[in-house]
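Here is how the chains run, residue by residue.
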Amino acid sequence: MAILDDYIKEISRSRDLGPEIVHLESIPPRPAEWSGFPDALGPELEAGMARLGVDRLYSHQSEAIGKILAGGDVVVVTPTASGKTLCYNLPVLKACAEDPEAKALYLFPIKALEQDQLGSFRDLAAACGLAGKVQADIYDGDTPSHKRCKIRNDPPGVVITNPDMLHVGMLAYHEKWEKLWSSLKYLVLDEVHTYKGVFGSHVAQILRRLFRTAASYGSEPRVIACSATIGNPGELVRNLLGREVEVVDVNGAPSAGRSFLFINPRKVAASTAAARLLGRAVERDLATIVFTKARKMTELIYTWAVQSDPRMRRWISAYRAGYLPEERREIEAKLFSGRIKGVVSTSALEMGIDIGALDACVLVGYPGAVTTTWQRGGRVGRQDRDSLIIMVAQPDALDQYFMKHPRAFFERGFEPAVVDPDNVLILKSHLESAAAEMPLFRDDRWFRIEEGSPAQTAVSELEKEGRLLKSIEGDLWHANRRYPQRFVNIRGIGENNVIFEEPRTPLPPGKKPRVIGSIDGNRVYAEGHPGAIYLHRAVQYQVTRLDLARKNLMAKPVTVNYYTMPRREKETEILSIRRSKPVKNFVARLGELKVTERVIGYEKRRVSSGERLSVHELDLPPYTFETVGLWIEIDDFIRRAVEARRLNFMGGIHAVEHAAIALFPLFALCERDDVGGISIPLHPQVGKAAVFIYDGYPGGVGLSERSHGSIEDLLDKTLELILECDCENGCPSCIHSPKCGNGNVPLDKEAAAMVLSMLLDKPEAREWMGLGQVAEDAPLGEIPPAAPPEPEEEDAPRVMVLDVETMRSAEEVGGWGKAHLMRVAVAVVWDSRPDRFLSFKEDEVEKMLHLLAEADLVVGFNVIGFDYKVLSAYDDGTLGRLQTFDILADVHSRLGYRLSLAHLAEHNLGSQKSADGLQSLQWVKEGRLDLVEEYCQKDVEITRDLFRLGLTEGKFKFMDKRRGMLELSLDWDLDEMVKRAASRS
């Protein structure tokens, strides 16, 4: 389109934005890949498609339809406007045409999509001559009550709804839907990429309830899912469904040419630049959508655009969640008809609502994911219509990363979408709902209540809370409450808080104040506190009262020149460790955390500049939740090195936390606000400094778990971001956080770079850390105390002998005191029951620790002083429970000095060690882990044989340089050893 080229030239030549363009990517058009109709579809539907002017299918459509008609569960993963709707409409039409009793249930994440898809289905049915034979209708909160009753009693071939109505209006009253459940052939899940995080975890449980209900009426629907392009479609849908699915992800649809402009404004704010771009586009008659990342920014950009040119009030509109349904439908209709030419929206318009042909998309800030960027950009342009996407960078770390590395954006793969179907808080609410629908039983196919399972944990808690009641026989659970579904907010964890407009005069009796919006869950503490400024369609409201008990707040219209930001305090407690691993010079752990946050006040900041105007205190109760997080343990040698250079260590780790959280969305499909963090110079449980990053939702939603395995890559990119930023002392582009509860104090950019360099063992950091000097000999150690495991009922104690060989030497990590940083190369265990040797590589350490936990006694030579310290980097709490006997520690306690394993082997067994630790490290560097394994197993054999000798002979021989050959008397008794070890554990 020449008009788009002229628009790009105008931007390039403008004084305000032209110099700020950092990259222009031209994406050429892509031709279609065609395929014929699958034979199984039949001539009637093929003829109907011909009447619509379609005589062939895109290759992905044909492949998907073929797999569906063959009886498979299928997920179709192709870009926006690639014709995914036909992939499910054609098979459903065929099924309903062949069997008048057959039913399909269409599930869409938002109501607006339902209306679009209803029209599409009816048009297709009419073209195929099936309009009178196959009916479709919508059943949701907007459906009139008389029509709902008709649909329930006599459901059409296709019932269209959303997860909310399925949860509370259909499954809760399943007996009224017998005709639907008994004949349900297909379940269609569109926009499945939106089912991530908390919402996705809820939907996963709703789908299990749906399958359970359908099975009780004799049906087992096949699933057709459609998604925008994501990194893990098969995994996501498997987690949602709890069963396998076939993936169709090779796109055959054509696409028109597209231009992608990166703008990094420095003279004006990104929001100001976006408002100007919108105004210029609308003046050129370019239909434009502006996407923002926050409701507040949506309102501000709309306000500024209208203030700069009052005519814009007729041509553009704001649009976001929190608007009333009738307001949103009106805006959608105006955009579709062309009565307005521009819209400023949050993600609410991201999905495939038909809003007409758009030409340009302006992204105010990087949306947080490559997947989301292309999804939003896909709203503009169609097969034969060129389009333009403009990304306007904000002074945000992730935005600036891509402004400096634009090729990295275009070369990056799509992020995985994460959902956690085992979130216990969410699972509890749906187990209670399922039990209200029909009793739960232990071998329930969809909610297996097995020992140690999340379902068993959830059921036990529900029993204690009185929400589930067990039958006398103990094999069934019933819900105590009727319709507990009403109390479950599936869009979050926690109930919505309703915002009422404070009336200027007293209201008549019985009349309620006007509802102007809502705030979900714990966001109310940060956004709905007294004094907070709330924006709604360019109108400012100030919160005057927050009623946490009633879940509502009052706000009055105001006109002010500031916005508000909350100030927070946080604490975190480690509840358990799931996984651990050493990475370079630190240990990364994953586990359950208890987070306590308190909003202690708020700041007023000037709208135009962000300048802080004032600080105000608040007295709000703390809110505490349990979640899943990862954390980095930072050893004292790093703190000492930073402080020796007179840098602020706390400011350094605080800056690392901010920058790492900013880049976190590179590794999982989420937003920055989905994760939280805290940095502590001395955490009482860790015993050293730590940086925590955690899922910002109770129970966790899988984000930290997904990113734990990529922690080194995350920190590498964090260091790169900090080093490349042009600022001197830190700025919003690198280490400042817009949601920092401490007002971004303290922060130390240089200390952050130093900490990261040392953590990642960069060459420039080795001198700071004093590496190359071994501080001490390998120490003897003590087993940390913990609760003993349950004893096994066996005739003879089960003994295991352990030895560990490492990847790094003491010299490389800075001393034997840092054995936890050495990393496991190979570990070997001899198990007395049965008599066998087992080898473990680094990625199998967790499996090995669980095996050792089964032993009555773990035996080693300096196992406490060295092997356990190496393994502590991988420990989930198992080490402290091991009942252990350390031969070296016992000998040292008797003699007052040490004897080596080689010395005892030579004089008591007449055998030689096959190598030594230095040789083992050399083999590791050469990649000869087979030789390391042989050497390690030989040491285990020697240790085992020495242990057996000590038990049978009661003595060791050893050579004393001054006194010759001597005997060391031993009083070893295996049963007593086990008892003593158990008492120490």
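Residues numbered from 1 in each chain as written. Predicted model: local features only at pLDDT ≥ 70, side-chain atom pairs only at ≥ 80, totals over all residues. Heavy atoms only, no water.

This part takes up the overall build of the chain. Counting its regular elements, the chain contains 34 helices and 37 strands. The C-alpha radius of gyration of the chain comes to 32 Å, within 12% of the 30 Å expected for a compact globule of 985 residues. Referenced to the eigenvectors of the C-alpha coordinate spread, the extents of the chain come out at roughly 105 × 65 × 65 Å. In the chain, which comprises 985 residues, the share counted as buried stands at 57%. Taking all contacts inside the chain whose residues are at least 6 apart in sequence as the whole, residues at least 24 apart take part in 73%. Taken as a whole, the chain presents about 40300 Å² of accessible surface, with 48% of it coming from carbon and sulfur. (Helix = DSSP H or I, 4+ residues; strand = E, 2+ residues; numbered from the N terminus. Rg over C-alpha atoms; globule rule 2.2 N^0.38 Å. Buried < 20%, exposed > 50% of the residue type's maximum accessible area, 1.4 Å probe, protein only. Contact = heavy atoms within 4.5 Å. Areas by Shrake-Rupley, 256 points an atom, 1.4 Å probe, with all protein chains shown as cover.)

Quick look at the pairing of strand S5 (residues 103-107) now. Across the five residues of S5, five count as buried, placing the element largely inside the fold. Covered by surrounding structure in S5 are Lys-103, Leu-105 and Leu-107 together with Ala-104 and Tyr-106, the residues of both alternating faces. As judged from the five bridges shared by S5 and strand S8 (residues 184-189), these two strands associate in the parallel manner. Residue pairing across strands places Lys-103 opposite Leu-184, the latter belonging to S8. Bridging between S5 and strand S7 (residues 158-161) involves four bridges; their strand directions are parallel. (Pairing = 2+ DSSP bridges.)

Attention now goes to the sheet that holds strand S13 (residues 316-319). With mixed pairing, the seven strands of this open sheet are ordered in space as S1-S11-S16-S15-S12-S14-S13. At either end of the open sheet lies a strand with only one pairing partner, and these are strand S1 (21-27) and S13. When strand polarity is set aside, the average angle formed by the axes of neighbouring strands in this sheet is 15°. Where strand S12 (residues 288-291) meets strand S14 (residues 342-345), four bridges bridge the pair, whose relative direction is parallel. The residue bridging Phe-291 from the neighbouring strand is Ser-345, located in S14. Its contacts with the sheet place helix H14 (residues 325-337) against S13 and S14, and it is angled at close to 140° to S13. Against the sheet, helix H16 (residues 397-404) touches S1, strand S11 (258-263) and strand S16 (387-392), its axis set at about 115° to S11. (Axes fitted to C-alpha atoms, helices over the stretch in contact; angles between N-to-C directions.)

Along the chain, Gln-542 turns up in strand S23 (residues 539-547). Reaching out from Gln-542, the side chain makes a polar contact with the side chain of Tyr-562 at a distance of 3.4 Å. Filtering out sequence-adjacent residues up to four positions away, Gln-542 remains in contact with Gly-531, Ala-532, Ile-533, Met-554, Ala-555, Lys-556, Val-558 and Tyr-562. (Polar contact = N/O pair within 3.5 Å; in protein donor to acceptor, adjacent residues only side chain to side chain.)

Residues of the chain with pLDDT of at least 70 account for 95%, and the chain-wide mean is 91. Between residues 783-793, whose pLDDT stays under 50, and residues either more than four places distant or in other chains, the model counts 22 contacts. (pLDDT = per-residue confidence, 0-100.)

Let's shift gears to the pairing of S12. Alternating positions in S12 separate into two faces, Thr-288 and Val-290 on one and Ile-289 and Phe-291 on the other, with burial throughout. As judged from the four bridges shared by S12 and strand S15 (residues 360-364), these two strands associate in the parallel manner. Opposite Phe-291, over in S15, you have Leu-363 as the bridge partner.

For an α-helix the count is 3.6 residues per turn, leaving residues at separations of three or four pointing the same way. Between the first and last C-alpha of helix H18 (residues 424-437) there are 19 Å, a value that for 14 residues agrees with the 20 Å anticipated at 1.5 Å per step. Burial analysis of H18 places eleven of its 14 residues in the buried class, which makes it a mostly covered element. Of the residues making up H18, those classed as buried are Ile-426, Leu-427, Lys-428, Ser-429, His-430, Leu-431, Glu-432, Ser-433, Ala-434, Ala-435 and Glu-437. Between a side-chain oxygen at the N-terminus of H18 and the backbone nitrogen of Leu-425 the separation is 3.1 Å; the capping residue is Asn-423. (Expected span 1.5 Å × (residues − 1).)

Glancing now at the pattern of salt bridges. Across all of its chains, the model carries 66 salt bridges by this definition. Close ionic contact of Asp-73 with Arg-243 constitutes a salt bridge, the shortest N to O distance being 2.8 Å. Separated by 170 residues along the polypeptide, Asp-73 in the loop between helix H3 (59-69) and strand S4 (74-77) and Arg-243 in the loop between helix H10 (233-241) and strand S10 (246-248) bring together distant segments of the chain. Since its relative accessible area comes to 6%, Asp-73 is described here as buried. Residue classification places Arg-243 among the buried positions, given a relative accessible area of 19%. Taking the shortest distance from any N to any O, the salt bridge between Arg-612 and Glu-603 comes out at 3.2 Å. You can call Arg-612 partly exposed: its relative accessible area is 44%. (Salt bridge = Lys/Arg side-chain N within 4 Å of Asp/Glu carboxyl O.)

What follows deals with the packing of helix H22 (residues 649-663) against helix H24 (residues 711-724). Between H22 and H24, the shortest axis-to-axis distance is 9 Å and the interhelical angle comes to 110°. In terms of axis orientation, H22 runs roughly perpendicular to H24. In this structure, the crossing between H22 and H24 has a hand that is right-handed. Where H22 approaches H24, its residues Val-656, Ala-659, Ala-660 and Leu-663 are matched on the opposing element by Leu-714, Lys-717, Thr-718, Leu-721 and Ile-722. Split by residue class, the contact of H22 with H24 holds seven nonpolar, one polar and one charged. (Parallel < 35°, antiparallel > 145°, perpendicular 65-115°, else oblique. Left-handed = near helix turned anticlockwise from the far one by under 90°. Nonpolar A, V, L, I, M, F, W, Y, C, P; charged D, E, K, R; others polar.)

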